[in-house]
Amino acid sequence: MKSEDSQAFSHATGGLLLCILAVASGILDGAHTDTGYEHYAEPTVPGMPAFLAMPANCLINLAYVLLGWYWWRAGDKSRQAYFQEIFALMALFYGPTQWVRLWTQHHRAAVLDQLLTLPIFAWVIAWCLFLENGWEPYVFLAVEVTSLSSYVLAVLHPQGFELALSGHIIVVFWRVLKVQRRFGNASSIWIIVLGTMCCFGFVSLKVWDRELAQWAFFSRLTGHFWSKVCDVLQFHCAFLFLTLMSRRRLSSAK
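Model, not experiment: these values are computed from the prediction. By convention here, each chain's residues receive numbers from 1 onward along its written sequence. Local features in this predicted model are restricted to residues whose pLDDT is 70 or higher, and side-chain atom pairs enter the listing and the counts only when it is 80 or higher, whereas totals over whole chains, interfaces and linings include all residues. Side-chain metrics rest on all non-hydrogen atoms present in the structure, leaving aside hydrogens and water.

**Description of unusual backbone geometry**
Spelled out, the test is: Only protein chains enter the accessibility calculation, which uses a 1.4 Å probe; a residue whose area is less than 20% of its type maximum is buried, one above 50% is exposed, and one in between is partly exposed.
Look at Q105: it is not a glycine, yet its phi comes out positive at around 55°. Q105 sits in the buried class, given a relative accessible area of 16%.

**Re a nonpolar patch on the surface**
What counts here: Patches in this entry comprise residues that are over 30% relatively accessible and not in a salt bridge; like charges within 9 Å are linked, as are nonpolar side chains (Val, Leu, Ile, Met, Phe, Trp, Tyr) within 5 Å. Note on areas: Shrake-Rupley, 1.4 Å probe, and residue coverage restricted to the protein chains presented here. By salt bridge we mean one thing: a side-chain nitrogen of Lys or Arg within 4 Å of a carboxyl oxygen of Asp or Glu. Helix numbers and strand numbers start at the N terminus; a helix is a DSSP run of H or I with at least 4 residues, a strand a run of E with at least 2.
Taken together, I189, W190, V193 and M197 make up a surface patch of nonpolar side chains, about 450 Å² in accessible area. Relative to the assigned elements, I189 resides in helix α9 (residues 186-207). Classification of I189 as partly exposed rests on a relative accessible area of 43%.

**So, the nonpolar core**
Our working definition: We call a set of buried Ala, Val, Leu, Ile, Met, Phe, Trp, Tyr and Cys residues a nonpolar core when their side-chain atoms join them within 4.5 Å. Two residues qualify as a contact provided that any one of their heavy atoms is within 4.5 Å of a heavy atom in the partner residue.
In this structure, F87 and Y151 are the most contacted members of the largest nonpolar core, which totals 65 residues. Those elements giving two or more residues to this core turn out to be α1 (6-25), α3 (62-71), α4 (79-104), α5 (107-133), α6 (137-149), α8 (160-183), α9 and α11 (223-253). Excluding its chain neighbours within four sequence positions, the residues that come into contact with F87 are I120, W123, V124, W127, F235, A238 and F239. Counting residues in hydrophobic clusters, the runner-up holds six residues, among them Y40, M54, C58 and L102.

**Some thoughts on the side chain of Q98**
In plain terms, the rule: For this analysis, a polar contact is any N or O atom pair within 3.5 Å, provided that within protein one partner can donate a hydrogen and the other can accept it, and provided that sequence-adjacent residues contribute only side-chain to side-chain pairs.
With respect to the helices, strands and loops of the structure, Q98 is situated in helix α4. A polar side-chain atom of Q98 sits 3.4 Å from a polar atom in the side chain of N61. For Q98, the residues in contact, after removing those within four places along its chain, are N61, Y64, D113 and K228.

**Some points on the pattern of salt bridges**
The tally for this structure, following the rule as stated, stands at four salt bridges. The salt bridge partner of E132 is R175, with a shortest N-O separation of 2.4 Å. Here R175 lies in helix α8 and E132 lies in helix α5, a separation of 43 residues in the sequence. Accessibility classification places E132 together with R175 in one group, the buried group. Notably, a salt bridge pairs E132 with K178, separated by 3.8 Å at the nearest N-O pair. Pair noted here: E132 is in helix α5 and K178 is in helix α8, with a separation of 46 residues, a long-range link. Taking relative accessible area as the criterion, E132 reaches 12% and is therefore assigned buried.

**Quick look at the UniProt feature "transmembrane region" (unreviewed entry) in the protein chain**
Here is the rule we go by: UniProt positions are given in the numbering used here, feature names are shortened, and annotations may be inferred rather than shown by experiment.
According to UniProt, the positions carrying the feature "transmembrane region" (unreviewed entry) are residues 12-31, 51-72, 111-131, 160-177, 189-205 and 225-245. For residues 12-31, helix accounts for 70% and strand for 0%, while the C-alpha atoms at its two ends are 24 Å apart.

Okay, structure coming up:
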């Protein structure tokens, strides 16, 4: 790996390792998670290995890896590229994390899955702050630390994770609209609309996973599967919007 790539990679992997250590320590064991195949509408396939017991829900996690690989701009030294590389690495790490959760159905794997969801949304906030205010590394670090700290709500209340995630989504939407007003154009408006629709699908299809299974369309490719499709698409929309805004910020500064 080239030296110019090492900063983003070390920061992303360092953050991942800290999250793994926190979960492994047991301090987050009190968080509520859903474990067990009964919580998923997709039926397990007899005879399949555990890591493919629910083929659709397992294999969709490859899409996160492909997305992260597609957007990873290794070798670019610019600060805009730093944000993009971190975000791409988050996607690369998130897919396998979700797969391990489905594979093991272990409580701590589920906790790690939830825990890593929050800083991904928080990184969109940090990137927006960079676009508005410039390079403020301690502010970005504070955003991520605050995001991870909010997971304590999951330990304190059964719906604490949902509350923390909802707060992240609201703040993301607010910061995105601020960046749109400053640097946006017609194309970025449509990206926001598509991203918002995907975010709604990500949340609602997962919540209604079992209820939707009564319909033939959702019998094998279930609500949870389509929720992950929407999640990958909203991830992609975030990349499209933020890289477009980065280019427009640079052109406006000339």
